[in-house]
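Structural overview
The lines below spell out each chain.
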Amino acid sequence: MNIAPVQPFQAIAISRIAHELAEQGRSVIHMEFGQPSTSAPAAAIAEAHRVLDAEAMGYWESNALKERIARYYHDAHGVAVDREQVILTCGASPAFVLALSCLFAPGARVALARPGYVAYRNTLSALYLEPVELPCGPAERYQITAAALAALDPAPDGVIIASPANPTGTIIPPDELAAIAKVCRTRGIRVISDEIYHGLSFGEPAASMLEHLPDAFIVNSFSKYFSMPGWRLGWLVVPPDAVDAARARMGNLFLTPPVIAQRAGLVALDCREELEGHRQTYARNRALMLEALPALGLSEVAPPDGAFYLYADIGHLTDDSLAFCTALLRDTGVCTAPGVDFDPVEGHHFIRFSFAVSTAEVREAIARMVPWFARRAVTA
Ligand SMILES: Cc1ncc(COP(=O)(O)O)c(C=O)c1O
């Protein structure tokens with residue numbers, strides 16, 4: 001049997017160059033990774049300091065955290081979740097592995113949007129599952145539609161939904177989400193909903209798939225809205241009949257998330273004011289980026305409804321997004337992610353900007369990029 005192919009993340013290679021340039025004294029603006037440049041909320045950090053001195057930190061799961069997360073679904077989405085349905089994980093990434101391994105046997109076909117988060121495709125491959133990529137363009141705002149799922153023949157075994165999505169930040173409208181749920185219920189398609197960017201929306205908050213499908217598997221994390229990517233804490237909500245299977249997998253594959261992260265995470269869940277400040281920064285950054293699009297000569301963009309990304313077509317400038325992003329970095333110090341990370345077919349003419357940096361950095365990045373893009377437009 002052939003070993004599953006897993007592709008590297010090209011943005012990591014570009015980021016490595018960025019760090020080398022910074023070591024040489026160059027000014028670099030990091031817009032390549034999807035991570036907040038802010039630290040965890042102040043009260044969560046204070047709690048972590050306390051825990052370090054007070055606890056031995058063994059293998060442990062916080063019932064209080066599971067209960068608080070269950071309450072969040074009631075408060076934010078009006079759905080009842082029992083605390084035992086919440087499996088605490090070391091971020092969204094292992095939550096995916098748990099969900100996929102609970103739901104599917106090797107060879108199962110799982111649909112997902114293309115473009116999409118690179119790890120979906122690679123995690124599916126690593127688990128010997130078959131990604132069924134649905135090409136999504138600007139007309140459907142780069143999101144899976146109910147019609148596309150209904151048209152798949154044969155029906156896939158599962159589908160991964162992401163709203164807001166990476167790399168585009170687009171949200172599936174509420175009626176479309178309901179329609180997707182209906183198609184999945186009718187056709188027996190199991191749903192994994194990645195809700196990691198919930199909390200980060202610029203208009204209406206995104207709905208949870210749990211509002212439509214009680215047997216959906218929901219992935220979430222402290223890495224984005226809560227500004228705690230390196231703390232490695234997330235969760236998976238599973239339907240009651242999958243609790244034992246999910247817990248067994250968590251225990252065997254990953255044991256428990258770090259105690260310090262669980263204690264701090266519980267506090268972070270109530271730091272709304274500070275976190276709302278980050279969201280407002282992203283909203284300002286988003287506005288600046290959208291305003292700069294004409295000056296950058298970029299018109300093929302679906303304005304993001306959430307997250308902190310802008311995904312733009314640069315087909316008039318290049319057909320090699322990796323070389324383009326590398327040249328942009330070397331010439332201007334602005335580090336971005338090439339579309340090939342998110343879309344192996346069309347991504348060679350797309351770029352992703354992450355605007356989870358400070359507003360001053362966004363302004364500076366735009367000032368550096370505008371003349372560079374103008375020169376590229378002349379030579380392309
Ligand atoms: C859509 C999406 N899902 C999951 C992850 C993984 O997050 P975590 O740090 O919680 O493992 C990321 C990280 O960038 C992401 O963008």
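Quick look at the structure, then. All values derive from a computational prediction rather than experimental measurement.

Moving on, we come to the overall build of the chain. A tally of helices and strands in the chain yields 12 helices and 12 strands. By the compact-globule yardstick of 21 Å for 380 residues, the chain fits well, its C-alpha radius of gyration being 21 Å. Each of the three principal axes of the chain carries a C-alpha extent, and together these read 60 × 55 × 45 Å. By the burial criterion, 54% of the 380 residues in the chain qualify as buried. Nonlocal contacts in the chain, meaning residues at least 24 apart in sequence, comprise 75% of its contacts between residues at least 6 apart.

Another aspect to go through is the pattern of salt bridges. Under the criterion given, the structure shown has 16 salt bridges. In this structure, R247 and E61 form a salt bridge, with 3.1 Å as the shortest nitrogen-oxygen distance. You can see R247 sitting in helix α8 (residues 243-253) and its partner E61 sitting in the loop between α2 (42-54) and α3 (63-77), a full 186 residues away along the chain. Note that K66 is salt-bridged to E84, the shortest N-O span being 3.9 Å. Here E84 lies in the loop between α3 and β2 (86-89) and K66 lies in helix α3, a separation of 18 residues in the sequence. For K66, a relative accessible area of 2% puts it in the buried group.

Let's shift gears to the pairing of strand β3 (residues 109-114). Regular strands have side chains that alternate between both faces of the sheet. For β3, the buried fraction is high: six of the six residues fall into the buried class. What you see with β3 is no split at all: R109, A111 and A113 on one side and V110, L112 and R114 on the other are buried throughout. Sheet analysis places β3 next to strand β4 (residues 130-135), joined by six bridges and oriented parallel. Across the sheet, the residue bridging to R109 is E130, located in β4. The handedness of the β3 to β4 crossover, carried by helix α5 (residues 118-126), is right-handed. Relative to strand β5 (residues 158-162), β3 runs parallel, the two sharing two bridges. From the neighbouring strand, V110 faces β5, where its bridge partner is G158.

Summed over all chains, the structure comprises 20 aromatic pairs. With a centroid separation of 5.3 Å and an interplanar angle of 85°, the aromatic rings of Y117 and Y120 are classed as edge-to-face. Each member of the aromatic cluster is reached from another via a ring pair, and the members are F9, F33, Y142, Y311, F342 and F350.

Below, the discussion takes up the state of the cysteines. One pass over the structure, following the stated rule, counts zero disulfides. There is no disulfide at C325, and the cysteine sulfur nearest it, in C335, is 8.1 Å away.

This part is about the site of the ligand. As a structural note, the neighbourhood of the ligand is formed by 13 residues, with A92, S93, Y197, S221 and K224 the closest of them. Contact between the ligand and S93: an oxygen atom at 2.5 Å from a side-chain N or O atom of the residue. D194 is positioned such that a nitrogen or oxygen atom in its side chain is 2.7 Å from a nitrogen atom of the ligand. In the complex, the protein chains occlude 91% of the 400 Å² of accessible area that the ligand would expose alone. In a pocket analysis with a 2 Å cut-off to the grid points, the ligand is assigned to the largest pocket. Considered class by class, the residues forming the shell around the ligand number five nonpolar, five polar and three charged.

Here we come to empty space enclosed by the protein. Across all of its chains, the model carries two cavities of 30 Å³ or more by this definition. Size it by volume and the largest cavity reaches roughly 100 Å³. A113, Y120, Q143, I160 and A162 are the residues nearest the centre of the largest cavity, which is lined by 14 residues in total. Contributing elements (two or more residues each) for the lining of the largest cavity: β3 and β5.

Estimates place the volume of the largest pocket at around 430 Å³. In this structure, the largest pocket is lined by 21 residues; those nearest its centre are G34, S93, Y117, I196 and K224. No other element matches helix α4 (residues 92-103), which puts three residues into the lining of the largest pocket. Considered class by class, the residues forming the lining of the largest pocket number 11 nonpolar, six polar and four charged. By volume, the second largest pocket amounts to about 320 Å³. Lining the second largest pocket we find 18 residues, and of these Y72, H198, G199, P205 and R272 sit closest to its centre. For the lining of the second largest pocket, the secondary-structure elements that each account for two or more residues are α3, β7 (217-221) and α10 (272-296). It is α3 that provides the largest number of residues to the lining of the second largest pocket, a total of three residues. Of the residues contributing to the lining of the second largest pocket, the split by class is eight nonpolar, seven polar and three charged.

Right, let's talk about the sheet that holds strand β9 (residues 309-313) for a bit. What holds strands together in a sheet is hydrogen bonding between their backbones, with the strands either parallel or antiparallel. Spatial ordering of the open sheet is given by β9-β12-β11, a layout of three strands whose pairing is antiparallel. Among the strands making up the open sheet, the edge pair consists of β9 and β11 (337-338). Sheet topology places β11 next to strand β12 (residues 350-354); two bridges connect them, and they run antiparallel. Bridge pairing in β12 links P338 to I351.

Cut-offs applied
- Residues numbered from 1 in each chain as written.
- Predicted model: local features only at pLDDT ≥ 70, side-chain atom pairs only at ≥ 80, totals over all residues.
- Heavy atoms only, no water.
- Helix = DSSP H or I, 4+ residues; strand = E, 2+ residues; numbered from the N terminus.
- Rg over C-alpha atoms; globule rule 2.2 N^0.38 Å.
- Buried < 20%, exposed > 50% of the residue type's maximum accessible area, 1.4 Å probe, protein only.
- Contact = heavy atoms within 4.5 Å.
- Salt bridge = Lys/Arg side-chain N within 4 Å of Asp/Glu carboxyl O.
- Pairing = 2+ DSSP bridges.
- Right-handed = clockwise from strand over helix to strand, strands pointing away.
- Phe/Tyr/Trp six-rings, centres within 6.5 Å; stacked < 30°, edge-to-face > 60°.
- Disulfide = S-S within 2.5 Å.
- Near = heavy atom within 4 Å.
- Polar contact = N/O pair within 3.5 Å; in protein donor to acceptor, adjacent residues only side chain to side chain.
- Areas by Shrake-Rupley, 256 points an atom, 1.4 Å probe, with all protein chains shown as cover.
- 1 Å grid on protein atoms, 1.4 Å probe; cavity = no way out; pocket = protein on both sides within 12 Å on 5 of 7 lines; lining within 4 Å.
- Sits in = over half its atoms within 2 Å of the grid points.
- Nonpolar A, V, L, I, M, F, W, Y, C, P; charged D, E, K, R; others polar.
- Points joined across faces, edges and corners; volume = space filled by probe spheres on them.

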